[in-house]
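Survey of secondary and tertiary structure
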Amino acid sequence: MTKQIVITALTFGAMILGTNNVQAQNTTATTTVNITLNDVISIDAGSTAIGNTVDFNYVTAADYNSDQTITKANSLKVTSTKNFNVKVKAGGANFMNGTNLIPVNVLTIKAATAAGTMGGTKNTVVLSATDQNLVTNAPLGSALTLNLDYTIPAAKSSSSDILGKPAGTYTQTVTYTATAL
């Protein structure tokens, strides 16, 4: 009987010690995860305004006597972590062909009828060498697109701004700037 008491006592002792060992093991782990954000605004690759051209060709009398519009899909793709404005300006006061000049105000730029995914207030801009708001208070977003119409109205192409100028290609740069609000 003493043998059974000793075995029972040892069994209870092993159970108590074994339970303490199980309770001493780790059953949870905690890790801290950090997300660091920076403000970003970018005119993204894939914008057709980057390194592309808009070509107006005046070949016939009808070309000079009618509005000429060229639509460029995905002219701008903007990613911004805040609401933003888009401004536009010419690189100078004139389109140039050597010493021959056409004033940049012959060109109008505006959002196309199917404007794309960029929100905000869209403005029609008569091009100048001064920054002008093309889009104001556009909501933040990723890869927001803006399709643009470039127009030379007949009133300009049939005026002395263009008529009477020597034949050739007249060139000027147009710069778009996206600025966070």
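Our structure is the block above this text.
The following refers to the structure shown. The structure presented is a predicted model; accordingly, all values stated were derived computationally and were not measured.

**A short note on the overall build of the protein**
Looking only at helices and strands, one finds three helices and eleven strands in the protein. Each helix (α) and strand (β) of the protein, taken in turn from the N terminus, gives the series α-β-α-β-β-β-β-β-β-β-β-β-α-β. Across the protein, every contact between residues at least 6 apart in sequence was considered, and the portion connecting residues at least 24 apart equals 77%.

**Some words on the nonpolar core**
If you look at the biggest cluster of nonpolar residues, it comprises 30 residues, and the most contacted ones within it are I109, M118 and L134. The set of elements that each furnish at least two residues to this core consists of strand 2 (68-80), strand 3 (84-90), strand 6 (108-111), strand 9 (132-138), strand 10 (141-152) and strand 11 (174-180). Top element by residues in this core is strand 10. It accounts for five residues. With sequence-adjacent residues up to four places away left out, M118 is seen in contact with V78, F84, V86, V135, A138, L144, T145 and L146.

**Some thoughts on the pattern of salt bridges**
If charged atoms from side chains of opposite charge come close, those side chains can pair. Under the counting rule described, the total for this entry stands at two salt bridges. As a salt-bridge pair, D39 and K82 come within 3.7 Å of each other at their nearest N and O atoms. Linking D39 in the loop between helix 1 (2-23) and strand 1 (41-43) with K82 in the loop between strand 2 and strand 3, this pair joins segments that are 43 residues apart in sequence. Looking at D39, the relative accessible area reads 59%, which means it is exposed. The closest approach of N and O atoms between D161 and K156, which form a salt bridge, is 3.5 Å.

**Considering the environment of S42**
Following the sequence through the fold, S42 ends up in strand 1. Setting aside residues no more than four positions away along its own chain, S42 makes contact with K77, V78 and T79.

Conventions we followed
Residues numbered from 1 in each chain as written. Predicted model: local features only at pLDDT ≥ 70, side-chain atom pairs only at ≥ 80, totals over all residues. Heavy atoms only, no water. Helix = DSSP H or I, 4+ residues; strand = E, 2+ residues; numbered from the N terminus. Contact = heavy atoms within 4.5 Å. Core = buried A, V, L, I, M, F, W, Y, C linked by side-chain atoms within 4.5 Å. Buried < 20%, exposed > 50% of the residue type's maximum accessible area, 1.4 Å probe, protein only. Salt bridge = Lys/Arg side-chain N within 4 Å of Asp/Glu carboxyl O.

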